[in-house]
Every structure is written in structure tokens, then in C-alpha cells.
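Chain by chain, the residues:
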Amino acid sequence: MTSVLAPPPEGSGLKAVPGVPGIPYIGNTFQVMRRPFHHARRRYEEFGPVAWGWLLGQRTVTVQGPEAAEVVLVNRDKAFANGPAWSYFIGPFFARGMMLLDFEEHLHHRRIMQQAFTPERLRSYMDVMAPGIARGVDAWEPGPEFKVYDHVKRLTLDLAVDTFMGVELDPAERARVNGAFIAAVRAGTAYVRFPVPGLRWHRGLQARRVLEEFFRRHLPAKRRDGGDDLFAALCAAETDDGHRFTDDDVVNHMIFVLMAAHDTTTITLSTMAYHLAKFPEWQERLREESFALGTSRPGHGDLDALTGIDMVMRESLRMVAPVPALPRRVVKDTSILGFHIPAGTTVVVPMLTNHHMADWWPDPERFDPERFAPDRREDRIHKYAWSPFGGGAHKCIGLYFAGMQVKTILHQVLLRYRWSVPGRYEWPLDTSSLPSPRDGLPVRLHRLEDR
């Protein structure tokens, strides 16, 4: 039965937010997690761009479409806060990461962290990554059931260890760190949000302790010796007025950034690999482009020539946004598109489904990288029609690093391998946490010289 979130102030001219609350606490949780695209379309058809319901134990307003996304993400009147919203989901596991800070404190931390993402730093990270990418991709074993997601995740974690941490880890330690990150991420969407042994929330808390111990153990050497990695960069980063990160700051940011770097890159590369297997003509087009570049180790400036990879990357980010939703907590009464939003409300911008809205994207379920070609640029219909990296003050600080890493890895893969899936194969996308293929995305992988 339809109800409203809260009556608007008398005389305000605002409308009450409509919705179907469903069962208290549970509400729409199962539909949103299991069938997000279907649920979003139905919700939009019934209520329009602003509607409320129960989600993971909270009364939540979901705002669909780029116009509503812009209001929330640009946050002109500072009514929407990141920290209390994200803390509800991942706070115990990624405490005080960049995405969990707000307003002046967030700006202060961002100014320091920007020193770790300057063009000079990006070039140095690329130099560090290059041999690791070549070594990791060369080690792949071709076969009929090669699981792309699993191999890419292992590769991106290895690269994150090399590029971001700059420490030597044996296989057991790498596996322990990787397992901790997986457990921490999955804990954010736990149905039971208490530390019951064996369940997601409890495993996430254990994972946080593993990660804190790991970074604190290595921090003194980083402070002392420096290096070309992100860990050393955060230890040394300093603003013009002399502000630096504390040890706690460095640990918190490293845990958050390492998760963001290897999880989101894994999802993007897996989505690209899936569609390039389904559309082999695009795979061949990109391969020709990579061979034409004339080098297996492109420099930072060479990546601009990989225009096909760029279009496929953008379309893949549209079809599967690695961060599927951006929550905010309303800290004072405000409005979105003429609807009254009371203080204390949780608002969610669903990037995963926003990128599939037919009002903004022609034939949105079709894989069509040419949408991003210079003569079309369908994303320019609205500044927030395509926004996988968020927007406003909280726009992803590592977006250029992410693009650099994705293009470099795919370039190396295209030069070495060809891959395919059966004609009727459709990947089973798990959207209960960060989106990923339940089956690991099995493909038939061949070395080019074997064809």
C-alpha cells in the first residue's frame, strides 16, 4: 500500500515522498539486491524519480535519474553527508576512509591525498605496475574454463600490493590480505548487522583487525624509507601549509584505497572481458588498435591512442557501475526535485540502475561503445547521466589511476590472448554486494600464437 515518507511543511509548496514501505526493516531489500534493474524500472514507473521504502533496516529515499543525482552529489546547500550514510554500511570495516569524511574535514584530507595522485606520481605508479602486469598476464594458463574474474582479481590485488604498498608478501600473506578485503566488502550488505560468529558482519570485523595489523606493522619502515608506492606517498604527503597524515590516517586511508582500487578495477575489467567475449568484432577491433600502438609497455601518454579501449571501458562502466549505489544522510531538511526530504533520512543514488534508464539512454540494455564516440557522446545529454565515479566534492580521487590501470592491463591481455564464450551464455551477475559474476566468468582462453 502506498504511503508517504513525511508530510512537507505547511506552505512550503513541496510534495511528500511517495513509496511502498513493505515489511519494516526488510522492505525492498531482497528485490533491490536480487533484481535491481527490474525493481528500479517498476519503482520509476509507479512513483517517478523520488520514492521511499525500507532498505537494509533504514527508511531510504531512492532518487533515480541524473537530475536528482546532481542535486544530491553536488550538494550545494550541504544537506547531504557521506560519513553517517556510508558508516551504516561499511563504517566498522573502512572507518574514516576518504568516502566516509565530510565537508571541511573531507576537504582537508583530500588536499593531502591529492599529493599522491599528481601526474608525476601516476607516471611512477605506471612504471611500477608495468612488469607486474606483464608477469601476471603471462602466467595465465589457457583453457576452456578460464575464470576471468578470479584471475583478474588476483592480478589487481598483486598490482595493488606492488603499486600501493611496495612490500614483499609471500603467497600465504597475499591470500590472507585478499580474503580480508573480500570479507570486509561483503559485510557492508549483511542482512544480520550484528557480530554473530560465522556470518558476514562478524567476518568483516575480523577482516578489519587483520588489515589494521598488517598496515601498522609495515608503517614505520614506510615512514623511514619512503618509496614510489602509494603507502610511502601517503606517509610523505604534505600540503603547502605543512599538514600531513597521522599514522591512524595513513592506516585508514590505505585500507579504504586498496579496497577501492582492486575491487572496482576487477569489476570493470571483468565487465569489459565479458562483453568482448560476447561481441568478438569489438575484441578484434581493440586488438588491432593495441598492435598498432607498437609497444607492449605503453607510456602514460600512449594511452590516449587507445580510443577503442576507452569507449569499451566507458560503456562497461555504464552497464555495470562498480559502486552500484551512493548513499547520503540528510543532515537538515531539504528538497529534491520538489519533494520534501526531512533531516535524518538516508538518500541513495543508484548508479547501477541510473545508467540503464531509457529516458536518458537509447536502447540501454544494448552493449554499444559507440555511444561514447566523439560524434555521438550520448553521455553529454546531462552532466550526471554517466557518473560511475560519483560527482561533486566526493568524486573519486583515483579515477585517472583507475583508467590508466584498466587500459594498461587490457592492452597487455589483447596482445597475448583471444577469448570467447558459448553463443547463449549470459553471465549470472551477483548484485548482493559489489556486482560480480557468480560463476567467475568462465571463458575459452587461447594464446594468440596457438591459433
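Residues numbered from 1 in each chain as written. Predicted model: local features only at pLDDT ≥ 70, side-chain atom pairs only at ≥ 80, totals over all residues. Heavy atoms only, no water.

If you look the chain up in an unreviewed UniProt entry, it shows as Cytochrome P450 from Actinomadura litoris.

Remarks on the overall build of the chain
Broken down by element type, the chain carries 15 helices and 14 strands. For 451 residues, the compact-globule estimate of 2.2 N^0.38 gives 22 Å, and the C-alpha radius of gyration of the chain, at 22 Å, lies within 12% of that figure. The buried share of the chain, taken over its 451 residues, is 58%. Once the 56 positive and 54 negative side-chain charges of the chain are each reduced to a mean point, those two points are 4 Å apart. (Helix = DSSP H or I, 4+ residues; strand = E, 2+ residues; numbered from the N terminus. Rg over C-alpha atoms; globule rule 2.2 N^0.38 Å. Buried < 20%, exposed > 50% of the residue type's maximum accessible area, 1.4 Å probe, protein only. Lys, Arg positive; Asp, Glu negative; His and termini not counted. Charge placed at Lys NZ, Arg CZ, Asp CG, Glu CD.)

Observations concerning empty space enclosed by the protein
Tallying each qualifying case throughout the model produces 2 cavities of 30 Å³ or more. Put simply, the second largest cavity is a space of about 130 Å³. Looking at the second largest cavity, the residues that line it are Trp140, Phe146, Val148, Val152, Leu269, Ala273, Ile409, Leu410, Val413, Trp419, Val443 and Leu445. Mapped onto the lining of the second largest cavity, the elements with two or more residues apiece are helix H7 (148-165), helix H11 (247-278), helix H15 (399-416) and strand E14 (442-447). Sort the elements by how many residues they give to the lining of the second largest cavity and H15 lands first, with 3 residues. Along the lines of polarity and charge, the residues of the lining of the second largest cavity split into 12 nonpolar, no polar and no charged. (1 Å grid on protein atoms, 1.4 Å probe; cavity = no way out; pocket = protein on both sides within 12 Å on 5 of 7 lines; lining within 4 Å. Points joined across faces, edges and corners; volume = space filled by probe spheres on them. Nonpolar A, V, L, I, M, F, W, Y, C, P; charged D, E, K, R; others polar.)

Concerning helix H9 (residues 200-225)
For H9, which comprises 26 residues, the first-to-last C-alpha distance of 37 Å matches the rise-based estimate of 38 Å (1.5 Å per residue) to within 8%. Approximately 35 degrees is the largest bend angle found in H9, and it occurs at Leu219, with the proline Pro220 only one to four residues beyond. Taken together, the buried positions of H9 are Trp201, His202, Gly204, Ala207, Arg208, Leu211, Phe214, Phe215, His218, Leu219 and Lys222. (Expected span 1.5 Å × (residues − 1). Bend = angle between axes of the 7 residues up to and from the residue.)

Brief notes about the pattern of salt bridges
Applying the stated criterion to the full structure yields 30 salt bridges. Note that Glu284 is salt-bridged to Arg287, the shortest N-O span being 2.7 Å. With Glu284 and Arg287 both in helix H12 (residues 280-293) and 3 residues apart, the pair spans about one turn of that helix. Residue class for Glu284 comes out partly exposed when judged on its relative accessible area of 28%. For Arg287, a relative accessible area of 3% corresponds to the buried category. Through salt bridges with shared partners, a single network forms among Glu315, Arg318, Asp363, Arg366, Asp368, Arg371, Arg376 and Glu378. (Salt bridge = Lys/Arg side-chain N within 4 Å of Asp/Glu carboxyl O.)

Structural notes on the packing of H12 against H15
Relative orientation and spacing of two packed helices are given, respectively, by the angle between their axes and the distance between those axes. Where H12 contacts H15, the two axes come as close as 9 Å, and the packing angle between them is 100 degrees. Overall, the two elements H12 and H15 adopt an arrangement that is roughly perpendicular. Where H12 approaches H15, its residues Gln283, Leu286, Arg287, Ser290, Phe291 and Leu293 are matched on the opposing element by Leu410, His411, Leu414 and Leu415. When the residues that make up the contact of H12 with H15 are grouped by side-chain class, the tally is 6 nonpolar, 3 polar and 1 charged. (Axes fitted to C-alpha atoms, helices over the stretch in contact; angles between N-to-C directions. Parallel < 35°, antiparallel > 145°, perpendicular 65-115°, else oblique. Contact = heavy atoms within 4.5 Å.)

Here's the deal with the UniProt feature "binding site: heme" (unreviewed entry) in the chain
In the UniProt entry, the feature "binding site: heme" (unreviewed entry) is given for Cys396. Among the secondary structure elements, Cys396 is positioned in the loop between helix H14 (351-354) and H15. Under the relative-accessibility criterion, Cys396 is labelled partly exposed at 33%. (UniProt positions renumbered as here; feature names shortened; annotations may be inferred.)

Observations concerning the pairing of strand E4 (residues 58-63)
Among the 6 residues in E4, 5 count as buried, and that is most of the element. In terms of strand pairing, strand E3 (residues 50-55) meets E4 through 6 bridges, oriented antiparallel. Looking across to E4, one finds that Leu55 is bridged to Gln58. The antiparallel pairing of E3 with E4 creates a hairpin that spans 2 residues between the two strands, and Leu56 there sits at a positive phi of about 50 degrees. The pairing of E4 with strand E10 (residues 346-349) spans 3 bridges and is parallel. When the sheet's bridge partners are listed, Thr62 is paired in E10 with Val348. (Pairing = 2+ DSSP bridges.)

A look at the sheet that holds E14
Paired through backbone hydrogen bonds, the strands of a sheet run either parallel or antiparallel to each other. Reading across from one edge, E6-E14-E11 is the order of the 3 strands in this open sheet, with antiparallel pairing throughout. Looking at the sheet topology across the chains shown, the edges are occupied by strand E6 (143-147) and strand E11 (417-420). Put simply, the sheet's adjacent strands are angled 45 degrees from each other on average, direction ignored. Bridging between E6 and E14 involves 3 bridges; their strand directions are antiparallel. Pairing of Gly143 across the sheet is with Leu445, part of E14.

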